[in-house]
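# Observations on the model geometry
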Amino acid sequence: MTEVQLRVNGVDVRHEVPDETLLVEFLRETLRLTGTHVGCDTSQCGACTINLDGVSVKSCTVLAAQASGGTVTTVEGLRAGEDAPLHPVQHAFIQCHGLQCGFCTPGMIMSVDFYLRRPPKLDEESICHALEGNICRCTGYVNIIEAVRHAAHDMYPAPAGATMERSQS
Ligand code: FES
Ligand code: FES
């Protein structure tokens, strides 16, 4: 057994779990944060994507013990509280119909949140590159790409006619 301490969605947690516990298992089974999904056994689908210490991570690829001491945000923690407005990325997925069955959506939203933490490039190739670790079986991606653009324009309102480019620093 190993003790895992994490700050998850702004709350400090500490639990003893078997050494081999994956971070996604810790989130779903120990903390009951079931918004983070498991869609594969091969680290390919991205349904388990969370943010660990400021970086987008597939939580099925990390042991809970490896993450111990870190700060995690899951899809449940994206907005400020239960009564707070939806995060712009969540709102954009609804507005643009960026989901059908919704299974991929939490991971997709976490990856988009990470992509939009800096002013993004919004051409299709750049967005597809940013989301290449996330698989959606339903939507054909068209509305997901639109949701990324919608959220970006909400988060980085630009003067009319300006082109949004990711900063190079
Ligand atoms: S569950 Fe599929 S990549 Fe993690
Ligand atoms: S909405 Fe069904 S897998 Fe993406």
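Look a little higher up for the structure.
Now for a quick tour of the structure. (Residues numbered from 1 in each chain as written. Chains lettered and ligands numbered in written order. Predicted model: local features only at pLDDT ≥ 70, side-chain atom pairs only at ≥ 80, totals over all residues. Heavy atoms only, no water.)

### Re unusual backbone geometry
A positive phi angle is found at S43, which is not glycine, with a value near 60°. Looking at the secondary structure, you find S43 in the loop between α1 (23-30) and β3 (49-52). Positioned with a positive phi, D53 is a non-glycine residue whose angle comes to about 50°. Turning to its location among the elements, D53 is positioned in the loop between β3 and β4 (55-58). (Helix = DSSP H or I, 4+ residues; strand = E, 2+ residues; numbered from the N terminus.)

### Observations regarding the state of the cysteines
Considering all chains together, one arrives at zero disulfides under this definition. As a non-bridged cysteine, C128 has C136 as the owner of its nearest cysteine sulfur, 12 Å distant. Given a relative accessible area of 36%, C128 falls into the partly exposed group. (Disulfide = S-S within 2.5 Å. Buried < 20%, exposed > 50% of the residue type's maximum accessible area, 1.4 Å probe, protein only.)

### Side note on the packing of helix α3 (residues 88-95) against helix α6 (residues 142-155)
In contact at an axis separation of 8 Å, α3 and α6 are set at 135° when each is read in the N-to-C sense. Judged on the interaxial angle alone, α6 and α3 are oblique. Here the hand of the crossing between α3 and α6 comes out right-handed. Together, P88, V89, H91, A92, F93 and Q95 of α3 and I144, A147, H150, A151, D154 and M155 of α6 make up the contact between the two elements. (Axes fitted to C-alpha atoms, helices over the stretch in contact; angles between N-to-C directions. Parallel < 35°, antiparallel > 145°, perpendicular 65-115°, else oblique. Left-handed = near helix turned anticlockwise from the far one by under 90°. Contact = heavy atoms within 4.5 Å.)

Keep in mind these numbers describe shape, not what the thing actually does.
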